[in-house]
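Each chain, letter by letter, is given below.
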Amino acid sequence: MDPVVALSIVFVLLFLAGCGLPMPEDIPLTFSGILLGLPRTQETFGGLWGAVAVVGILCYSSIILGDLVAYWLGKRYGRTISKYPPFRWAMPVHRIERLDRWFAKFGSWTVFFGRMVAGIRFVTFAMAGMTKMPLRKFILMDSVAALITVPAWIILGYVVGTHFEQIIEWMSTVSTTTWIILATALALFFLYKLL
């Protein structure tokens, strides 16, 4: 697939994920990192650093634009839809007042850490808009957090894509017992967190 077409698809997917599409943005970001490691992508954009600049700017801007849509939806429709079922039962007046107080105190950190967690990003950003968090503050905290998450996932994809054979070879040297112990420990950890 042509790198320009592939990155255009990544841009759209990341934007839609920010707008509320129930899909983690980590997958397209990791895929874009894998694309970054391909020689054809690097040739298309004038070498590795040119490709890094294009992929980074494209992914970062699509995510921020999607997040701004989520913020705007919350600001425009958040209080209105809370008057209709089923939202009225989920967001009664006392919860909205508590949410207003929470965002007045911890809104910046809520947006910052909300960006880090898949599954709650859209809701967090919509709530920021609903509580009338200042747009400048929202953009600042969302942008700073995205400066951490976006490169992290792209780098992970790049490393996996460029070292795939070595990773598979290393994984084959680890015993099956070790993988079972690791999987069990992770399952127990998630079960503990869930409970």
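Notes on the structure in this doc start here.

Calculation criteria
- Residues numbered from 1 in each chain as written.
- Predicted model: local features only at pLDDT ≥ 70, side-chain atom pairs only at ≥ 80, totals over all residues.
- Heavy atoms only, no water.
- Axes fitted to C-alpha atoms, helices over the stretch in contact; angles between N-to-C directions.
- Helix = DSSP H or I, 4+ residues; strand = E, 2+ residues; numbered from the N terminus.
- Left-handed = near helix turned anticlockwise from the far one by under 90°.
- Contact = heavy atoms within 4.5 Å.
- Nonpolar A, V, L, I, M, F, W, Y, C, P; charged D, E, K, R; others polar.
- 1 Å grid on protein atoms, 1.4 Å probe; cavity = no way out; pocket = protein on both sides within 12 Å on 5 of 7 lines; lining within 4 Å.
- Points joined across faces, edges and corners; volume = space filled by probe spheres on them.
- Salt bridge = Lys/Arg side-chain N within 4 Å of Asp/Glu carboxyl O.
- Buried < 20%, exposed > 50% of the residue type's maximum accessible area, 1.4 Å probe, protein only.
- Polar contact = N/O pair within 3.5 Å; in protein donor to acceptor, adjacent residues only side chain to side chain.

### Overview of the packing of helix 6 (residues 93-116) against helix 8 (residues 135-162)
Right, so step 1: Between helix 6 and helix 8, whose axes approach to 8 Å, the crossing angle comes to 30 degrees. Note that helix 6 runs across helix 8; the crossing there is right-handed. From helix 6, Ser 108, Trp 109, Val 111, Phe 112, Arg 115 and Met 116 reach across to helix 8, where they touch Lys 137, Phe 138, Met 141, Asp 142, Val 144, Ala 145, Ala 146, Ile 148 and Thr 149.
Right, so step 2: Taken together, the residues of the contact of helix 6 with helix 8 sort by class into ten nonpolar, two polar and three charged.

### Some details on the layout of surface pockets
Right, so step 1: Approximately 270 Å³ is the volume attributed to the largest pocket.
Right, so step 2: Gly 78, Ile 81, Phe 87, Ala 126 and Met 127 are the residues nearest the centre of the largest pocket, which is lined by 13 residues in total.
Right, so step 3: Elements represented by at least two residues in the lining of the largest pocket include exactly helix 4 (48-81) and helix 7 (121-130).
Right, so step 4: Across the lining of the largest pocket, the residue classes break down as ten nonpolar, three polar and no charged.

### Remarks on unusual backbone geometry
Right, so step 1: Not every positive phi belongs to a glycine, and Lys 132 is a case in point at roughly 60 degrees.
Right, so step 2: Following the sequence through the fold, Lys 132 ends up in the loop between helix 7 and helix 8.

### Some words on the pattern of salt bridges
A side chain of one charge can pair with a side chain of the opposite charge if their charged atoms are brought near each other.
Right, so step 1: Applying the stated criterion to the full structure yields seven salt bridges.
Right, so step 2: Two residues, Asp 2 and Arg 40, come together in a salt bridge whose shortest N-O distance is 3.8 Å. Here the residue Asp 2 occupies a position in the segment before helix 1 (3-18), and Arg 40 occupies one in helix 3 (residues 39-44), the gap between them amounting to 38 residues.
Right, so step 3: The class for Asp 2 is partly exposed, based on a relative accessible area of 31%.
Right, so step 4: You can call Arg 40 partly exposed: its relative accessible area is 46%.
Right, so step 5: One continuous salt-bridge network, built from bridges that share partners, spans Glu 25, Asp 26, Asp 67, Arg 115, Arg 121 and Asp 142.

### Focus on the environment of Ile 64
Right, so step 1: You can see Ile 64 is positioned in helix 4.
Right, so step 2: Accessibility expressed as a relative area gives 12% for Ile 64, which makes it buried.
Right, so step 3: In this structure Ile 64 touches Asp 142, Ser 143 and Ala 146, once residues within four positions along its chain are discounted.

### As for the side chain of Thr 131
Right, so step 1: The residue Thr 131 is located in the loop between helix 7 and helix 8 in this model.
Right, so step 2: On the basis of relative accessible area, Thr 131 is assigned to the buried category, the value being 14%.
Right, so step 3: Reaching out from Thr 131, the side chain makes a polar contact with the backbone oxygen of Ala 128 at a distance of 3.1 Å.
Right, so step 4: Discounting residues that sit within four places of it in the chain, Thr 131 has contacts with Arg 79, Leu 99, Asp 100 and Phe 103.

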